[in-house]
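Here's the letter readout for the chains.
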There are 2 protein chains.
Amino acid sequence: MLMDRPLIFITNDDGINAAGLHKLAKIASGFGDVVVGAPDAPQSGKSSALTVNGALELIAHPSEDGVRMFSITGTPVDCVKVAMHAILDRKPDLILSGINHGSNAAVNNIYSGTMGAAMEGCIIGIPSVGFSLLDHSPEADFEPLAPFVADIIRRVLAEGLPKDICLNVNFPAGCTPEGVKVVRAARGHWTEEYGDYTSPHGRPFYWLTGKFHNDEPGNPDTDEYWLARNYGTVVPIRPDQTAADQIEAIKSLID
Amino acid sequence: MLMDRPLIFITNDDGINAAGLHKLAKIASGFGDVVVGAPDAPQSGKSSALTVNGALELIAHPSEDGVRMFSITGTPVDCVKVAMHAILDRKPDLILSGINHGSNAAVNNIYSGTMGAAMEGCIIGIPSVGFSLLDHSPEADFEPLAPFVADIIRRVLAEGLPKDICLNVNFPAGCTPEGVKVVRAARGHWTEEYGDYTSPHGRPFYWLTGKFHNDEPGNPDTDEYWLARNYGTVVPIRPDQTAADQIEAIKSLID
């Protein structure tokens, strides 16, 4: 009797047409049966947003090298939820998100639609990994990181992940990574965040821009440090944001 | 010489017209100078989403009992960012979000626009608190929780919060709370998530519904336990989702 091949669900936040999604589907096909359910349009910066009051359409696309392809008119989290409800006939063994065109390192984890989808997979109890390349270009070259992505997929399929933990994996742009480091997210924030404009009707408006400020650039415990040195980085992520170690401190404040 | 009054910035995810926002502004006015910058339209379930490629308009509204009022054509996180950039002339001493019409307890923290705004305040280094009432009604009665909200504002203004920590505060509906408990988020997830439909063109679509399933209903360490017993709950939240305690485990998986 043949063993079932693993079932791998893939989504992203750059949408169904993004090169990074198709590359990830191709890599994952070496390890199992792959189903893609991705946003029909770009959803960058959508975090864990979901559509609370609106219709989510499910659109079937032609299969691609044996990979079933769907798009969904929603966010990355919507894609995971609709896939579980309406596409997949069993819980997948693995959920992958990406490969994102652009960094999700440091504080960007919290804004990332790529990681929103990976965290959603984790919340429903499925080993989940988000992949990102530090290159926003639609023509970004994903080839140098393919062996590293494949290695992480192979290991997570074989050994699973700790309960309630998913992975945020980032790769440097324009080089073959020197290796992969397991680290924490660097502390930082965005500065100079907006361009300032005035509408034809005299009303102010703003357009997001900004620079990321790394609060600890010399710290080798952090993802930004190793990405700047051409390493890939893996950050274990816990979607439950409770700061359990601060409960006693807050009790003394509130009680 | 008079001491400066604290500067308090308030936003929400139900939008500029929500009753809970105006109630929170009124309560906060007892403690400082209040500025409101809220979404121009409802933004429930927007998590930490931000508008990465689009115009954000800033609209001035008439002041209300001395409170300066603005709306912004974006998400709760956009509201915090635009306020820092274009409304406030100094860093506020406190950021408040809410009072949300509906629960943000348990796993809902991660989907919540209310908490997205509070976490954004925390990321930029400002003591921040999100408030929610477990009542979705536009006519929800916020009066019974007002003294508890005021008490939390007073304490946080006086003592601050631990670095990188904000608070997720929820109150039971339809009663005067028995008190307030500092706890962690209950483990759980949503089930039966969608209504199923077919469009006039024969294409499937889905509409979010669902029931929250509490994985640990009898656990007094959790928010859901105490909310069910008519207590308010305070959960300390760390926006940085790095699972620092899992780095060694993931190293042994990846290396």
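Note on numbering: residues in each chain are counted from 1, in written sequence order. The order in which chains are written sets their letters, starting at A; the order in which ligands are written sets their numbers, starting at 1. Local features in a predicted model are, by the rule used here, given only for residues with pLDDT of at least 70; side-chain atom pairs are given and counted only at 80 or more, and totals for whole chains, interfaces and linings are based on all residues. The side-chain figures draw on all heavy atoms in the structure; neither hydrogens nor water molecules are used.

Peer 1: Looking at this structure, I do not really get the overall build of chain A. What am I missing?
Peer 2: Along its length, chain A carries six helices and 13 strands. We take the radius of gyration over the C-alpha atoms and set the globule estimate at 2.2 Å times the residue count to the 0.38 power. Over its C-alpha trace chain A gives a radius of gyration of 19 Å, about what one expects of a compact globule, namely 18 Å for 255 residues. Principal axes of the C-alpha set define a box for chain A whose edges measure 60 × 50 × 50 Å. Working definition: with a 1.4 Å probe on protein chains only, accessible area under 20% of the residue-type maximum means buried, over 50% means exposed, and in between means partly exposed. Burial analysis of chain A (255 residues in total) assigns 59% to the buried set. Comment: elements are numbered from the N terminus, with helices defined as DSSP H or I runs of at least four residues and strands as E runs of at least two.

Peer 1: Hey, could you run me through the relation of the copies chain B and chain A in this one?
Peer 2: Mapping between the two chain copies consists of a rotation about an axis together with a translation along that axis. Structural alignment of chain B on chain A gives an RMSD of 0.0 Å, achieved by rotating through 180° and translating 0.0 Å along the axis. A rotation of that kind, with that shift, is consistent with a two-fold axis. The contact rule is simple, with two residues in contact once any of their heavy atoms fall within 4.5 Å. Both copies contact each other with a shared surface, as 100% of the interface residues of chain B are interface residues in chain A too. A least-squares superposition brings the copies together, and it is based on the C-alpha atoms of residues with pLDDT no lower than 70 in both.

Peer 1: Could you clarify how one ought to interpret the sheet that holds strand E8 (residues 180–182) of chain A in this entry?
Peer 2: Within a beta sheet, neighbouring strands are joined by backbone hydrogen bonds and run either parallel or antiparallel to one another. Think of it this way: DSSP has to see at least two bridges between two strands before they count as a pair. Spatial ordering of the open sheet is given by E8(A)-E13(A)-E7(A)-E6(A)-E5(A)-E1(A)-E2(A)-E4(A)-E3(A)-E11(B)-E10(B), a layout of eleven strands whose pairing is mixed. Of all strands in the sheet, those bounded by a partner on one side alone are E8 of chain A together with strand E10 (194–198) of chain B. Within this sheet the neighbouring strands show an average axis-to-axis angle of 25°, counted without direction. Relative to strand E11 (residues 204–208) of chain B, E10(B) runs antiparallel, the two being bridged by five bridges. When the bridges of E11(B) are listed, Tyr194(B) appears paired with Leu208(B). Orientation is described by lines fitted to C-alpha atoms, with helices fitted over the stretch in contact, and by angles between N-to-C directions that extend from 0 to 180 degrees. Sitting on the sheet, helix H2 (residues 76–87) of chain A is in contact with strand E1 (7–11), strand E2 (33–39), strand E3 (55–64), strand E4 (67–72) and strand E5 (94–101) of chain A together with E10 and E11 of chain B, with an inclination near 145° to E1(A).

Peer 1: How should the UniProt feature "domain: Survival protein SurE-like phosphatase/nucleotidase" (unreviewed entry) in chain A be read in this particular structure?
Peer 2: When the UniProt feature table is mapped onto this chain numbering, "domain: Survival protein SurE-like phosphatase/nucleotidase" (unreviewed entry) sits at residues 8–191 of chain A. Taken as a whole, residues 8–191 of chain A contains 26% helix and 29% strand, while its terminal C-alpha atoms sit 38 Å from one another. UniProt positions are given in the numbering used here, feature names are shortened, and annotations may be inferred rather than shown by experiment.

Peer 1: Any chance you could explain empty space enclosed by the protein here in plain terms?
Peer 2: Unoccupied space between atoms shows up once a probe the size of one water molecule is rolled over them. Buriedness for pockets is judged along seven lines, at least five of which must meet protein on both sides within 12 Å for an open set on the 1 Å grid over protein atoms alone, while cavities are sets there where a 1.4 Å probe fits but cannot get out, and lining residues have an atom within 4 Å of a point. Grid points are joined across faces, edges and corners, and a volume is the space filled by probe spheres set on the points. Under the definition given, this model contains one cavity of 30 Å³ or more. The computed volume of the largest cavity comes to approximately 40 Å³. Looking at the largest cavity, the residues that line it are Ser47(A), Ser48(A), Ile110(A), Met119(A), Gln241(A), Ser47(B), Ser48(B), Ile110(B), Met119(B) and Gln241(B).

Peer 1: Would you mind going over the interface of chain B and chain A with me for this structure?
Peer 2: For interface size, the figure often reported is the accessible area lost on association. Facing 76 residues of chain B, the contacting portion of chain A comprises 76 residues. Using a 1.4 Å probe, buried area is obtained as the accessible area two parts lose upon being combined, added over both of them. Taken over both partners, the interface formed by chain B and chain A buries close to 6900 Å², and the fraction arising from carbon and sulfur atoms is 60%. Throughout this description, the term salt bridge denotes a Lys or Arg side-chain nitrogen within 4 Å of a carboxyl oxygen of Asp or Glu. Connecting chain B to chain A are eight salt bridges. Pairing of N or O atoms within 3.5 Å defines a polar contact, subject to two protein rules: one partner must be a possible hydrogen donor and the other a possible acceptor, and residues neighboring in sequence count only if both atoms are side-chain atoms. Taken together, the links from chain B to chain A amount to 35 residue pairs in polar contact (both at pLDDT 80 or more). Of all the elements, helix H2 (residues 76–87) of chain B adds the most residues to the side of chain B that touches chain A, at six residues. Lys, Arg, Asp and Glu make up the charged group, whereas Ala, Val, Leu, Ile, Met, Phe, Trp, Tyr, Cys and Pro make up the nonpolar group; the residues left over, Gly among them, are polar. Residues of the side of chain B that touches chain A, tallied by class, amount to 42 nonpolar, 15 polar and 19 charged. Looking at chain direction, strand E11 (residues 204–208) of chain A and strand E3 (residues 55–64) of chain B are connected through three bridges and run antiparallel. Paired with Trp207(A) across the two strands is Ala55(B), which belongs to E3(B).

Peer 1: Just to check I follow, could you spell out the UniProt feature "binding site: a divalent metal cation" (unreviewed entry) in chain A for this structure?
Peer 2: Within this structure's numbering, the places UniProt gives as "binding site: a divalent metal cation" (unreviewed entry) are Asp13(A), Asp14(A), Ser44(A) and Asn100(A). On the basis of their most widely separated C-alpha atoms, the annotated residues across 88 residues gather in one place, lying no more than 9.0 Å apart. Lining the second largest pocket, out of the annotated residues just given, are Asp13(A), Asp14(A), Ser44(A) and Asn100(A). Judged by relative accessible area, Ser44(A) falls into the partly exposed class, the value being 28%. Discounting chain neighbours no more than four positions away, the residues touching Ser44(A) are Asp13(A), Asp14(A), Leu50(B) and Val52(B). Assignment of secondary structure puts Asn100(A) in strand E5. What makes Asn100(A) buried here is its relative accessible area of 6%. Setting aside residues no more than four positions away along its own chain, Asn100(A) makes contact with Asp13(A), Asp14(A), Thr114(A), Phe131(A), Ser132(A), Leu133(A) and Phe142(A).

Peer 1: What is the right way to read the pattern of salt bridges from this model?
Peer 2: A side chain of one charge can pair with a side chain of the opposite charge if their charged atoms are brought near each other. Scanning all chains against the criterion turns up 24 salt bridges over all chains. Across the pair Glu120(A) and Lys81(A) runs a salt bridge whose closest N-O atoms are separated by 3.0 Å. Within this pair, whereas Glu120(A) is found in helix H3 (residues 113–123), its partner Lys81(A) is found in helix H2, the two being separated by 39 residues in sequence. Take Glu120(A) and Lys81(A): they sit in the same class, and that class is buried. The salt bridge involving Lys23(B) is made with Glu143(B); its shortest N-O contact spans 2.5 Å. Linking Lys23(B) in helix H1 (residues 19–28) with Glu143(B) in the loop between strand E6 (128–133) and helix H4 (146–159), this pair joins segments that are 120 residues apart in sequence. Three or more residues joined by partner-sharing salt bridges are found here, namely Lys81(A), Glu120(A) and Glu193(B).

Peer 1: Please clarify how the sheet that holds strand E8 (residues 180–182) of chain B should be interpreted in this entry.
Peer 2: In space, the eleven strands of this open sheet follow the order E10(A)-E11(A)-E3(B)-E4(B)-E2(B)-E1(B)-E5(B)-E6(B)-E7(B)-E13(B)-E8(B), with mixed pairing throughout. Of all the strands in the sheet, the pair left with one neighbour each is strand E10 (194–198) of chain A together with E8 of chain B. Adjacent strand axes in the sheet meet at a mean angle of 25°, parallel and antiparallel pairs treated alike. H2(B) rests against E10 and E11 of chain A together with strand E1 (7–11), strand E2 (33–39), E3, strand E4 (67–72) and strand E5 (94–101) of chain B of the sheet, and its axis sits at about 145° to E1(B).

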